[in-house]
Amino acid sequence: MQSSSSTARHVSVQGEAHCSHKGCATIDFLPFVCEGCNRRFCKDHAQCADHDCPNPVIHDRIKLACPVCQQLLPCNRDDDPNRLVDLHISRGCQPVAKKKSMATPCSFSGCKAKELVPVNCKLCKKPFCIKHRLESDHNCVMTAQPSAAVREEEFKKRFSTKIKFSNTPETAKGDSKIAASDKLVLAVNAPQALAKAPLWCIVSSKWATGKAVDNLAKILKVPNKDERGVFMRMFDLRGNALEKMKPLSQANLSNGDTVVLEYGDTLPSDFKKKKVAVGKKGTGGKDKDCCIM
């Protein structure tokens, strides 16, 4: 037969605390916190005088700890602690939130590192870990771009600097009847298959591109269509075929620009940039970062 002398096991309840007064073993489910010594006491020892507080407060108030959110509630000695806690909970008591980590995650995609003292990129202003702190390490989207002068030089290197023109801009060939205000002096490259030297030519900005091509074919003494019957087109250094019916004034061309003549609507697959002689301005058009691909 089982002995009846076995002791009952104590089941802990959230918010309970032993009274801190020496000799008092009371377990209080709504303990009071002394403002003087910050210890927890039962109702009988809540006042400073009741537990010989080493730092007694001058007013007759105590603080009650909420068992849910642990917030300290001001409470007079004569107040009902149960009523105060119920009122506090009914007004929206929230459990204590976990403290957020002070470490900052690295902004580099796929990196899970966190730093208490992250390194902020000077260009994109994002925080990174030590491993990805440099612009090259995190592929910074704000990496400084080269100056316009550097881009221009790099662009010119894609084309020939050794091919000689047959003439100069001052001796450019063209129709003498073109009004001075309409003259457009271009560096013209003939179709590469014909092995013709580039030539400076004069056309009218009011001419349609198709008319300008026919005129340039006469100046260069080349046929305006090949043996397949494919007509010649004018291309800019971006590799774009200029529309036949539009005037050159709408083709973003100006004096000193370079154009390429080739048969067909696109540049041939074996087209070589290094065989293109570039005029004084070089790039031509508004997009100085593009070239024939």
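Anyway, here's the lowdown on the structure attached to this text. (Residues numbered from 1 in each chain as written. Predicted model: local features only at pLDDT ≥ 70, side-chain atom pairs only at ≥ 80, totals over all residues. Heavy atoms only, no water.)

Taken together, Met102, Leu116 and Val117 make up a surface patch of nonpolar side chains, about 400 Å² in accessible area. Considering the arrangement of structural elements, one finds Met102 in the loop between helix H1 (81-90) and strand E7 (104-105). On the basis of relative accessibility, which here comes to 69%, the residue Met102 falls in the exposed class. (Patch = residues over 30% accessible without salt bridge, like charges linked within 9 Å, V, L, I, M, F, W, Y side chains within 5 Å. Areas by Shrake-Rupley, 256 points an atom, 1.4 Å probe, with all protein chains shown as cover. Salt bridge = Lys/Arg side-chain N within 4 Å of Asp/Glu carboxyl O. Helix = DSSP H or I, 4+ residues; strand = E, 2+ residues; numbered from the N terminus. Buried < 20%, exposed > 50% of the residue type's maximum accessible area, 1.4 Å probe, protein only.)

The biggest cluster of nonpolar side chains holds 30 residues, and the ones touching the most others in it are Val188, Val203, Leu216, Met234, Leu253 and Leu261. Elements supplying a minimum of two residues to this core: strand E12 (183-189), strand E13 (199-204), helix H3 (209-220), strand E14 (232-236) and strand E15 (258-263). Broken down by element, the residue count for this core peaks at 6 residues, all from H3. In contact with Val203, other than residues within four places in its own chain, are Ile178, Asp182, Lys183, Leu184, Leu186, Ala212, Leu216 and Leu248. (Core = buried A, V, L, I, M, F, W, Y, C linked by side-chain atoms within 4.5 Å. Contact = heavy atoms within 4.5 Å.)

Our next topic: the side chain of Asp226. With respect to the element layout, Asp226 can be found in the loop between H3 and E14. Here Val230 takes part through its backbone nitrogen, which lies 2.9 Å from a polar atom of the side chain of Asp226. (Polar contact = N/O pair within 3.5 Å; in protein donor to acceptor, adjacent residues only side chain to side chain.)

Under the criterion given, the structure shown has 4 salt bridges. Notably, a salt bridge pairs Arg228 with Asp226, separated by 2.7 Å at the nearest N-O pair. Overall, the relative accessible area of 60% leaves Arg228 in the exposed class. A salt bridge links Lys246 to Glu243; its shortest N-O distance comes to 3.8 Å. For Lys246, a relative accessible area of 38% corresponds to the partly exposed category.

This part is about unusual backbone geometry. Backbone geometry places Ala195, a non-glycine residue, at a positive phi of 55 degrees. Within the element layout of this structure, Ala195 appears in the loop between E12 and E13. Phi is positive for Asn252, which is not a glycine, with a value near 60 degrees. Along the chain, Asn252 turns up in the loop between E14 and E15.

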